[in-house]
Amino acid sequence: MVVPKQKKLHKAKITEISQVSKTLYYIKFKPESLFESKPGQFVSILCPNHTLRRPFSIASLENNEIGVLFKKKGSGTEYMAGLKIGDTIDFLGALGNGFKFDKDKKSLLIGAGVGVAPVYYLKKEIEKAGGDNRLIVGFMTKDEVPSNMSFDEIATNDGSLGLKGSILDYVEQEIFFYKPDVIYSCGPHIVLKTITEIAQRHSISSFVALEKVMACSIGVCRGCVIKLQKNGTTVNASVCQDGPVFRGDEVLWQ
Ligand SMILES: Cc1cc2nc3c(=O)[nH]c(=O)nc-3n(C[C@H](O)[C@H](O)[C@H](O)COP(=O)(O)OP(=O)(O)OC[C@H]3O[C@@H](n4cnc5c(N)ncnc54)[C@H](O)[C@@H]3O)c2cc1C
Ligand code: FES
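First things first, this report covers the structure right here in the doc. (Residues numbered from 1 in each chain as written. Chains lettered and ligands numbered in written order. Predicted model: local features only at pLDDT ≥ 70, side-chain atom pairs only at ≥ 80, totals over all residues. Heavy atoms only, no water.)

Moving on to the nonpolar core. Judged by nonpolar contacts, the single largest core of 25 residues is most densely connected at Leu69, Met149 and Phe151. Sorting the residues of this core by element identifies strand S2 (24–31), helix H2 (116–128), strand S9 (133–139) and strand S12 (182–186) as the ones contributing at least two each. Sequence-distant contacts of leucine 69, defined by excluding residues within four places in its chain, comprise Val20, Leu24, Tyr25, Tyr26, Ala59, Val114, Val116, Ala117, Pro146 and Met149. Counting 22 residues, the second-largest nonpolar core is a separate cluster that includes Phe56, Ile58, Ile66 and Phe70. (Core = buried A, V, L, I, M, F, W, Y, C linked by side-chain atoms within 4.5 Å. Buried < 20%, exposed > 50% of the residue type's maximum accessible area, 1.4 Å probe, protein only. Helix = DSSP H or I, 4+ residues; strand = E, 2+ residues; numbered from the N terminus. Contact = heavy atoms within 4.5 Å.)

Okay, the site of ligand 1 next. Taken together, 21 residues are adjacent to ligand 1, and Pro55, Lys73, Gly74, Gly76 and Thr77 come closest. In this structure, an oxygen atom belonging to ligand 1 sits 2.4 Å away from a side-chain N or O atom of threonine 77. Contact distances for ligand 1 include 2.9 Å between a nitrogen atom and a side-chain N or O atom of glutamate 211. Computed on the free molecule, ligand 1 has an accessible area of 820 Å², of which 84% lies beneath the protein chains in the complex. Of all the elements in the fold, those that place two or more residues in the shell around ligand 1 are strand S4 (54–57), strand S6 (65–71) and helix H1 (75–81). When residues in the shell around ligand 1 are grouped by element, the largest group, four residues, is from S4. (Near = heavy atom within 4 Å. Polar contact = N/O pair within 3.5 Å; in protein donor to acceptor, adjacent residues only side chain to side chain. Areas by Shrake-Rupley, 256 points an atom, 1.4 Å probe, with all protein chains shown as cover.)

A separate point is the packing of aromatic side chains. The geometry of two aromatic rings is summed up by the distance between their centres and the angle between their planes. The tally for this structure, following the rule as stated, stands at nine aromatic pairs. Measuring from centroid to centroid gives 5.4 Å for tyrosine 25 and phenylalanine 70, while their planes differ by 15°, and the two rings are stacked. Of this pair, tyrosine 25 sits in strand S2 while phenylalanine 70 sits in strand S6, and the two are 45 residues apart along the sequence. Phenylalanine 70 shares its class with tyrosine 25; the two are buried. Arranged with centres 5.2 Å apart and planes meeting at 65°, the rings of phenylalanine 29 and phenylalanine 91 form a pair that is edge-to-face. Taken together, the residues phenylalanine 29 in strand S2 and phenylalanine 91 in strand S7 (residues 88–95) connect sequence positions 62 residues apart. The buried category is assigned to phenylalanine 91, whose relative accessible area is 0%. The rings of Tyr25, Phe56 and Phe70 are connected pair by pair, giving a single aromatic cluster. Over the ring of tyrosine 178 we find lysine 106, and its NZ or CZ is 4.5 Å from the ring centre. (Phe/Tyr/Trp six-rings, centres within 6.5 Å; stacked < 30°, edge-to-face > 60°. Lys NZ or Arg CZ within 6 Å of the ring centre and 35° of its normal.)

Shown next as structure tokens:
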């Protein structure tokens, strides 16, 4: 059995839980000990009767209270959706590398679906540092948009809220008008691949937060390995430990 580093293992009390859209829940929990994290890092939550912990991006951290935005998918997230204020959870974190940002660079942040979570946290941290940023997000329909978060621009595929179409339809326009120095994104694989291609076409650096099915979440099982291209050489990297944030142009997209 893998024994995680003790400082990463926490118990926390649920302080808030609510359904924030037709498909999404927002849960807040307060660890007993001081917790520190960066945007892009994640927590891995133990769900009773499940061997594998479930990984979730940190969407907020304020007053030692962690926020996670999640979509009910299978039995693990079903358990999480049923948690009540005062319940105790066991989690590992903060895991992974997280985003690095420079407050003096203009940052375009892009989130698709539940992928808004880490870029939302990144926006808050860039704002605290006094940096210029713009967060644009995409959902299928207005019923999916979380009611507890605010964004600079929203696109919905069916046009029921904000701009009509995929958020990808608006990235070039944002580049033209906002002129970002760097793009940070999180969402489905195809969205991140496309954003990376657009960023490369415009010679803008881009960083993506990837998702991969994880077993251990701490760099031991090698189940989450992807391939990167670095200085002309192909290397393996684990999403849970070397990532989940990578330079978009280094990922060997499939
Ligand atoms: C770094 C990272 C950050 C994530 N952040 C979020 C987030 O902020 N909000 C959110 O809703 N979801 C997030 N996910 C996806 C989330 O982990 C899965 O939706 C969740 O584990 C599903 O568990 P389940 O038991 O409900 O579903 P099931 O489908 O029953 O899960 C079965 C197994 O597959 C794994 N799995 C299923 N879907 C995914 C997935 N998309 N990615 C990784 N593993 C998966 C589960 O962990 C579990 O081991 C993230 C995943 C990763 C890797
Ligand atoms: S999930 Fe085990 S190495 Fe990443």
